Structures are given as C-alpha cells and as structure tokens.
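The lines below spell out each chain.
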Amino acid sequence: MQDRDFEWFIENYSVLYDKHGYCFLAIKNEKVIGVYSSFDEAVDTTLLTEEIGTFIVQECNGNESAYTIQIASMFI
C-alpha cells in the first residue's frame, strides 16, 4: 500500500504543495491524514492513531527533491 501512496503523492504533488505549502504530509490510502511542520511531529502524531507501516510521511517542499534522493560516497 505504501507504494501506491507514494505514487499518489508524486502524481498529486503540485496540487498538494499549492494547498498545503511547505510541510510534511502523512498519507494513507491515497489520502492526506495529517499536515505537520516537521518529520518528527508527523511520525509521532500519526502513530497515535495509525499502525507503523500503514502510512507514509513525505516532505512537501515545492520541488522534486521531496521525492527523489541522491546518494553519493567519497573515498579518501
């Protein structure tokens, strides 16, 4: 289910950003179930009513860095 929620987040990203601005969104079953100012707040508050592993938390910052990641390593 989290895969579908993530795809839904990406597909609706610009609408979600326009509606909520910079925030962290708790998403479950392709619905926003909470809007928070920090990742920790989103996780901690959502865990009061939802089981771990049944929702996702995504940063909504207005650009694609919210749903892409770059991993780099440097050996010295």
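Residues numbered from 1 in each chain as written. Predicted model: local features only at pLDDT ≥ 70, side-chain atom pairs only at ≥ 80, totals over all residues. Heavy atoms only, no water.

**Student:** Break down the sheet that holds strand E1 (residues 23-28) for me, with residues and values.
**Tutor:** Taken in spatial order, the three strands line up as E2-E1-E3 in an open sheet, and their pairing is antiparallel. In the strand order of this sheet, the two ends are held by strand E2 (31-36) and strand E3 (56-60), each with one partner. Neighbour-to-neighbour, the strand axes of the sheet open up by a mean angle of 30 degrees, direction not taken into account. For E1 and E2, the ladder comprises five bridges, and the chain directions are antiparallel. Note that in E2 the partner of Ile27 across the bridge is Val32. (Pairing = 2+ DSSP bridges. Helix = DSSP H or I, 4+ residues; strand = E, 2+ residues; numbered from the N terminus. Axes fitted to C-alpha atoms, helices over the stretch in contact; angles between N-to-C directions.)

**Student:** Describe in detail the confidence of the model for the protein, supporting the description with residues and values.
**Tutor:** Residue-level pLDDT values for the protein average 89, and 89% of them are 70 or greater. Long-range and interchain partners of residues 70-76, a stretch whose pLDDT sits below 50, account for zero contacts in this model, where long-range means more than four residues apart. (pLDDT = per-residue confidence, 0-100. Contact = heavy atoms within 4.5 Å.)

**Student:** Provide a residue-level description of the packing of aromatic side chains, including the pertinent values.
**Tutor:** Within the structure shown, the criterion is met by four aromatic pairs. Ring geometry for Tyr22 and Phe24: centres 5.9 Å apart, planes at 85 degrees, overall edge-to-face. When its relative accessible area of 48% is taken as the criterion, Tyr22 is described as partly exposed. A relative accessible area of 12% means that Phe24 is categorised as buried. Plain terms: the ring middles of Phe24 and Phe39 are 6.4 Å apart, the flat faces sit at 75 degrees to each other, and that makes the pair edge-to-face. Of this pair, Phe24 sits in strand E1 while Phe39 is found in helix H3 (residues 39-46), placing the two residues 15 residues apart along the sequence. Since its relative accessible area comes to 43%, Phe39 is described here as partly exposed. (Phe/Tyr/Trp six-rings, centres within 6.5 Å; stacked < 30°, edge-to-face > 60°. Buried < 20%, exposed > 50% of the residue type's maximum accessible area, 1.4 Å probe, protein only.)

**Student:** Now, about helix H1 (residues 2-11): what can you tell me, with residues and values included?
**Tutor:** Considered for burial, the residues of H1 that qualify are Asp5, Trp8 and Phe9. With its buried residues spanning 100 degrees around the axis, H1 presents them on a single face. Away from its buried face by more than 90 degrees, H1 exposes Asp3, Arg4 and Glu11. On the buried face of H1, the contacting elements are helix H2 (13-20), E1, E2 and E3. (Arc of directions from axis to C-beta.)

**Student:** Break down the pattern of salt bridges for me, with residues and values.
**Tutor:** Scanning all chains against the criterion turns up one salt bridge. Between Glu50 and Lys28 there is a salt bridge whose closest N-O contact spans 2.5 Å. Taken together, the positions of Glu50 in the loop between H3 and E3 and Lys28 in strand E1 put the pair 22 residues apart, joining distant regions of the chain. (Salt bridge = Lys/Arg side-chain N within 4 Å of Asp/Glu carboxyl O.)

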